[in-house]
Amino acid sequence: MNGSVTSSQRFFQQYTMQDSVDYFLSTLFELMKTRPYRDITVSELCHAVGLSRNTFYKYFKNKDSLLDRFSERVWAAFQETMPPSRSLNSGFLHYFEFCYSLKEMVEALVRNDLLQPLTQWNERFIRCIRPAEDVGGAESDQASLGMMYHFISSGCVRLVEDWCRGGFAETPAHMARLATCVVEGGFAHACGLEPDGKAAASLPA
């Protein structure tokens with residue numbers, strides 16, 4: 001590998017960069033700046049990293065499994081920097097600031113229609129700042145609550161995608177306020193409550 005430190009390598013150095021996995025991940029994102037993901041081969045990636053194909057297959061089943069490992073790395077880094085306050089707004093502010101700090105990698109994922117890594121750790125984040133025991137609601141509402149987690153986490157990923165495609169024009173604080181309003185209302189209705197805690201009218205069947 002050459003001696004210069006790229007922005008992707010800087011992320012992995014800051015949080016992990018403990019083994020060859022990180023070199024493969026950071027190099028993949030550097031290659032994705034100029035090449036579509038689908039056109040990048042394992043051989044090309046190994047050549048760019050300076051490691052053998054045997055080393056690659058020691059860590060990864062195939063090229064797509066790189067993205068699963070990336071999701072794990074991002075979630076670990078996100079948890080490490082999560083503020084003590086778990087309020088929705090502070091949680092979302094950290095979320096969007098974190099996404100902005102990774103904007104080059106987010107851009108590469110969006111450009112290649114690879115939203116799965118973002119989706120994988122997003123629901124874990126939603127459950128972290130709004131755990132089921134804090135939401136409450138009748139036991140019979142748990143199925144609805146699970147669907148709401150999935151729905152809201154997918155919506156947050158789409159927010160990040162739109163934010164990215166718009167050049168990250170809005171501030172992380174603006175995006176956090178928007179997401180907080182939507183999520184507060186969503187969880188309240190899932191549990192039969194209005195955002196202010198009052199009983200909601202029954203939804204039509």
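On a predicted model such as this, the values are computed, not experimentally measured, just so you know.

Visitor: Before we go on, may I ask you to explain the packing of helix H6 (residues 88–101) against helix H8 (residues 116–129) in this structure?
Guide: Geometry of a packed helix pair, given as the angle between the helix axes and the separation of the axes. Contact geometry of H6 with H8 gives a least axis separation of 10 Å together with a crossing angle of 155°. One finds that H6 runs roughly antiparallel with respect to H8. Relative to H8, the crossing made by H6 is right-handed. Taking contact as the criterion, the partners of Leu88, Gly91, Phe92, Tyr95, Phe98 and Cys99 in H6 are, on H8, Trp121, Asn122, Phe125, Ile126 and Ile129. Its residues assigned to classes, the contact of H6 with H8 shows nine nonpolar, two polar and no charged.

Visitor: Whenever I open this one, H6 confuses me. Can you help?
Guide: Compared with the 20 Å implied by 1.5 Å per residue over 14 residues, the 20 Å span of H6 between its first and last C-alpha is a close match. When we look at burial in H6, the residues that qualify are Leu88, Ser90, Gly91, Phe92, His94, Tyr95, Phe96, Phe98 and Cys99.

Visitor: Hey, could you run me through H8 in this one?
Guide: In an α-helix, one turn spans 3.6 residues, which is why side chains three or four residues apart end up on the same side. Taking 1.5 Å per residue, 14 residues should reach 20 Å; H8 reaches 21 Å between its end C-alpha atoms and fits that length. What H8 keeps buried is the set Pro117, Leu118, Trp121, Asn122, Phe125, Ile126 and Ile129.

Visitor: So what exactly am I meant to see when it comes to empty space enclosed by the protein here?
Guide: Empty pockets left among the atoms are what a rolling probe the size of a water molecule brings to light. What the rule picks out here adds up to one cavity of 30 Å³ or more. In this structure, the largest cavity is lined by Phe70, Val74, Phe98, Cys99, Leu102, Met105, Val106, Leu109, Leu118 and Trp121. Across the lining of the largest cavity, the residue classes tally to 10 nonpolar, no polar and no charged.

Visitor: Help me understand the pattern of salt bridges, please; the structure alone is not making it clear to me.
Guide: Side chains that carry opposite charge are capable of pairing whenever their charged atoms lie near each other. All told, the structure shown has eight salt bridges when counted by the stated rule. Among the salt bridges present, the one from Glu104 reaches Lys33, with a minimum N-O distance of 3.3 Å. With a gap of 71 residues between them, Glu104 in helix H7 (residues 103–111) and Lys33 in the loop between helix H2 (20–31) and helix H3 (42–49) connect regions that are remote in the sequence. Put simply, Glu44 and Arg35 hold a salt bridge, and the shortest N to O gap is 2.4 Å. The class of Arg35 is partly exposed, set by a relative accessible area of 29%. Among the ionic contacts, a cluster of salt bridges with common partners joins Asp113, Arg158, Glu161 and Arg165.

Visitor: Just checking my understanding: could you explain unusual backbone geometry for this structure?
Guide: Excluding glycine, a negative phi dihedral is what most residues carry, and trans is how most peptide bonds are arranged. Positive phi, normally seen in glycine, also occurs at Asp113, with a value near 55°. Position of Asp113 relative to the elements: it lies in the loop between H7 and H8. Given the relative accessible area of 61%, Asp113 is considered exposed. One non-glycine residue, Phe168, adopts positive backbone phi at about 55°. Checked against the element boundaries, Phe168 lands in the loop between helix H10 (142–165) and helix H11 (172–190).

The rules behind the values
- Residues numbered from 1 in each chain as written.
- Predicted model: local features only at pLDDT ≥ 70, side-chain atom pairs only at ≥ 80, totals over all residues.
- Heavy atoms only, no water.
- Axes fitted to C-alpha atoms, helices over the stretch in contact; angles between N-to-C directions.
- Helix = DSSP H or I, 4+ residues; strand = E, 2+ residues; numbered from the N terminus.
- Parallel < 35°, antiparallel > 145°, perpendicular 65-115°, else oblique.
- Left-handed = near helix turned anticlockwise from the far one by under 90°.
- Contact = heavy atoms within 4.5 Å.
- Nonpolar A, V, L, I, M, F, W, Y, C, P; charged D, E, K, R; others polar.
- Expected span 1.5 Å × (residues − 1).
- Buried < 20%, exposed > 50% of the residue type's maximum accessible area, 1.4 Å probe, protein only.
- 1 Å grid on protein atoms, 1.4 Å probe; cavity = no way out; pocket = protein on both sides within 12 Å on 5 of 7 lines; lining within 4 Å.
- Points joined across faces, edges and corners; volume = space filled by probe spheres on them.
- Salt bridge = Lys/Arg side-chain N within 4 Å of Asp/Glu carboxyl O.

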